[in-house]
Amino acid sequence: MLDRKFVRENMAEVEQMLANRKTKLDLAELGRLDEQRRELQHKVESLRHEQKQASEKIAQVKKEGGDVKAVIQSVGVISERIKAMEPELKQIDEQYDALLMVVPNMPGPETPVGQSEADNVELRKWGEPRAFDFEVKDHVDVGEGLDILDMPRAAKLSGARFTLLKGDGARLSRALVNFMLETHAKNGYREIAPPFLVNSPTMTGTGQLPKFAEDLFKVDGKDKDLWLIPTAEVPVTNIFRDEILDEGDLPKAMCAFTPCFRSEAGAYGKDTRGMIRVHQFDKVELVWITKPDESEAAHERLTRDAEGILQALNLPYRVMDLCTADIGFSARRCYDLEVWLPSQQAYREISSCSNCWDFQARRAGIRYKSKGQKGTNFAHTLNGSGLAVGRTFLAILENYQNADGTVTIPEALRPYMGGQETIEPPKAEPTVI
RNA sequence: GGAGAGAUGGCAGAGUGGUUGAAUGCGGCGGUCUCGAAAACCGUUGUACGUUUAUAGCGUACCGGGGGUUCGAAUCCCCCUCUCUCCGCCA
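Residues numbered from 1 in each chain as written. Chains lettered and ligands numbered in written order. Predicted model: local features only at pLDDT ≥ 70, side-chain atom pairs only at ≥ 80, totals over all residues. Heavy atoms only, no water.

Enquirer: Now, about the overall build of chain A: what can you tell me, with residues and values included?
Expert: Helices and strands together make up the secondary structure of chain A, namely 12 helices and 16 strands. Viewed in the frame of its principal axes, chain A has a C-alpha envelope of about 100 × 55 × 45 Å. Counting across all 433 residues of chain A, residues that qualify as buried make up 49%. Of all intrachain contacts in chain A linking residues separated by at least 6 positions in sequence, the fraction that spans at least 24 positions is 74%. With the model as given, the accessible surface of chain A reaches about 21,700 Å², and the carbon-plus-sulfur share is 49%. Measuring between centres, the 58 positive side-chain charges of chain A sit 5 Å from its 68 negative side-chain charges. (Helix = DSSP H or I, 4+ residues; strand = E, 2+ residues; numbered from the N terminus. Buried < 20%, exposed > 50% of the residue type's maximum accessible area, 1.4 Å probe, protein only. Contact = heavy atoms within 4.5 Å. Areas by Shrake-Rupley, 256 points an atom, 1.4 Å probe, with all protein chains shown as cover. Lys, Arg positive; Asp, Glu negative; His and termini not counted. Charge placed at Lys NZ, Arg CZ, Asp CG, Glu CD.)

Quick look at the structure:
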């Protein structure tokens, strides 16, 4: 959420931002409502002031044993007027808030202005894509060949866009999670195990609601409605919702492993094969809460920490600086990490590292207080995948596949796989007796 | 699921419907004292919105959340949420 005052005083800038983001919105209406709201609020408040003073007088006169009938009657008129105005004020207030809540964040001056994802800027590239001397298979063929990935049965269980990992596949996925969490812990991140179902205020705090409800899965309970998290960013960032932190408590660096649930509405026909785009995937997320003057450094740090995982796994990738047309709703600046996929001969997103500035903090009421300073400040929030486990898994199957159909396990993961070095087709099932 | 208790400022804890943004204690901050510290003593101590050049003043709101009664609600009524205790169920 943008600051009301900022919007009021910088309409042209906000207008330009919306154009850069290719977002259409009725800003004039927002301005009108804001003006109406202030005008009406002023009227109501001065009436309340009158009423308050008269009420105090009643108390005083009554105490002295005087007759208060006439005064009460005259105050009653004021009260009636206030009551008549209140619903309108409330309505305007709600309308204004509803509009402000769907205004995206202002990209920073460093964020490239662009027309589409084609205008994203490559910042750096790491690793050399491997030269294969055989025909590469995609992760589905590799995984199903080893019987560690079973898309048809996933579809039987749940439908399209679900995965079923088996044997060493499930194990490799678990090893990835452990490897990532252990690495981040070493780098100073505090591990969080949050709820996977959250309420609406939580979804609103990070910006998923109200605008992107159709991207989410909702759980209709008997007496409570909850949403499945699309990323751990949601519960972890909201840990400090409506709290005033001490300056000394910042920055906070947290990591969390969770499954993520996304409806992928509007992605029909996109990445339909395999586990690239699915309704449920695992992810290890990095979240920072910082003071304003720390967030840019934290953004670089967070991105490097995510890159560290790819480097440790020796997966080639590049870092993209997302342009205004491609950057997320809550982000001021965003770096995407894209991993090399041999089957597609392309780099594909595996992490998205965003500096949300004070945008989420304002929505969620995440503030901090400095010593000797009056008032509070909004913190800055950042998040990034470190990494998407499903996509890391498939990147390993593709980049580490061998001509005989087996997959070499990256060295960094071997300690988490009992020293195992390759994934081979399963041996015979154990006998019962 | 059944029965009961509760939710007040950073914490603890008062609060007969009328100068209550809210006693008191602790904590925090500033000061006196001290070579320094502790103790003691004195002072101070929330958030948001509006107005304003102003983190000054002034105004309004906020005692879990939302409605209602009233000239006036932390205090009375209704609904919701959460916490705690006991019973039942359960990984």
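Following the structure, the description resumes.
Enquirer: If you had to explain the sheet that holds strand 13 (residues 377-378) to someone new, which residues and values would you point to?
Expert: Pairing within the open sheet is mixed, and its 3 strands lie in the order 6-12-13. The strands lining the two open edges of the sheet, one partner per strand, are strand 6 (243-246) and strand 13. (Pairing = 2+ DSSP bridges.)

Enquirer: With reference to specific residues and values, describe the layout of surface pockets.
Expert: Each pocket or cavity is described by its volume, and for the second largest pocket that value is around 230 Å³. Every element with two or more residues in the lining of the second largest pocket is listed here: strand 8 (280-290) and helix 12 (389-399). Tallied by class, the residues present in the lining of the second largest pocket amount to 8 nonpolar, 5 polar and 1 charged. (1 Å grid on protein atoms, 1.4 Å probe; cavity = no way out; pocket = protein on both sides within 12 Å on 5 of 7 lines; lining within 4 Å. Points joined across faces, edges and corners; volume = space filled by probe spheres on them. Nonpolar A, V, L, I, M, F, W, Y, C, P; charged D, E, K, R; others polar.)

Enquirer: Can you tell me about the domain arrangement of chain A, naming the residues and giving the values?
Expert: Partitioning chain A into structural domains gives domain 1 (4-100) and domain 2 (117-423). Relative to domain 2, the C-alpha centre of domain 1 lies at a distance of 43 Å. If you look at the interface, domain 1 gives 4 residues, while domain 2 gives 7 residues. Interface of domain 1 and domain 2: buried area, both sides summed, is about 430 Å²; carbon and sulfur atoms make up 41% of it. At the surface where domain 1 touches domain 2, the tally comes to 0 salt bridges. Counting across the domain 1 and domain 2 interface gives 4 residue pairs in polar contact (both at pLDDT 80 or more). Within the side of domain 1 that touches domain 2, the residues separate by chemical class into no nonpolar, 2 polar and 2 charged. (Domains from an automatic or database assignment. Buried area = accessible area lost by both parts, 1.4 Å probe. Salt bridge = Lys/Arg side-chain N within 4 Å of Asp/Glu carboxyl O. Polar contact = N/O pair within 3.5 Å; in protein donor to acceptor, adjacent residues only side chain to side chain.)

Enquirer: Report on the protein's contact with RNA strand B, specifying residues and quantitative values.
Expert: The full set close to RNA strand B counts 24 residues, and H49, K62, V75, K369 and T376 are the nearest of them. A share of 71% is what sugar and phosphate atoms reach among the atoms of RNA strand B within 4 Å of the protein. Here a sugar or linking oxygen of RNA strand B sits 3.1 Å away from a polar atom, N or O, in the side chain of R48. At a separation of 2.8 Å, a sugar or linking oxygen of RNA strand B approaches a polar side-chain atom of R367. Those elements that provide at least two residues to the surface near RNA strand B are helix 1 (4-9), helix 3 (27-63), helix 4 (69-100) and strand 12 (366-369). For the surface near RNA strand B, the element with the highest residue contribution is helix 3, accounting for 11 residues. When the residues that make up the surface near RNA strand B are grouped by side-chain class, the tally is 4 nonpolar, 7 polar and 13 charged. (Near = heavy atom within 4 Å.)

Enquirer: Residues and numbers for the pattern of salt bridges, please.
Expert: Counted according to the given criterion, the structure contains 26 salt bridges. One salt bridge connects D271 with R277, and the closest N-O pair in it is separated by 3.1 Å. A residue is classified by how much of its surface remains accessible, and D271, at 18% relative accessible area, is buried.

Enquirer: Account for the sheet that holds strand 2 (residues 190-192), with residues named and values stated.
Expert: Spatially, the 8 strands line up as an open sheet ordered 1-9-10-11-14-8-7-2, and their pairing is mixed. Sheet topology places strand 1 (121-126) and strand 2 at the edges, where each strand pairs with a single neighbour. Going from strand to strand, the sheet's axes swing by 25 degrees on average, the running direction of each strand aside. Bridge count between strand 8 and strand 14 (residues 380-388): 7 bridges; the pairing is antiparallel. Across the sheet, the residue bridging to E285 is S385, located in strand 14. Each of strand 2, strand 7 (252-261), strand 8 and strand 14 touches helix 7 (residues 168-186); the most contacted strand, strand 8, lies at about 5 degrees to it. Sitting on the sheet, helix 12 touches strand 8, strand 10 (333-341), strand 11 (346-355) and strand 14, and the angle it makes with strand 14 is about 35 degrees. (Axes fitted to C-alpha atoms, helices over the stretch in contact; angles between N-to-C directions.)

Enquirer: Any chance you could break down the pairing of strand 14 for me, citing the residues and the numbers?
Expert: Burial analysis of strand 14 places 9 of its 9 residues in the buried class, which makes it a mostly covered element. Inspection of the sheet shows strand 11 paired to strand 14 by 3 bridges, in the antiparallel sense. Note on strand 14: the bridge partner recorded for C353 is G384.

Enquirer: Describe in detail helix 7, supporting the description with residues and values.
Expert: Spanning 19 residues, helix 7 covers 26 Å between terminal C-alpha atoms, matching the ideal 27 Å at 1.5 Å per step. Among all positions in helix 7, only D168, G169, L172, S173, A175, L176, V177, F179, M180, L181, T183 and H184 are buried. The positive-phi residue at the C-terminal boundary of helix 7 is G188, with phi of around 100 degrees. (Expected span 1.5 Å × (residues − 1).)

Enquirer: Outline the side chain of D271, supporting the account with residue identities and numerical values.
Expert: Of note, D271 is situated in the loop between strand 7 and strand 8. For D271, the side chain forms a polar contact with the side chain of R348, separated by 3.0 Å. Other than its neighbours up to four places away in sequence, D271 contacts R161, I276, R277 and R348.

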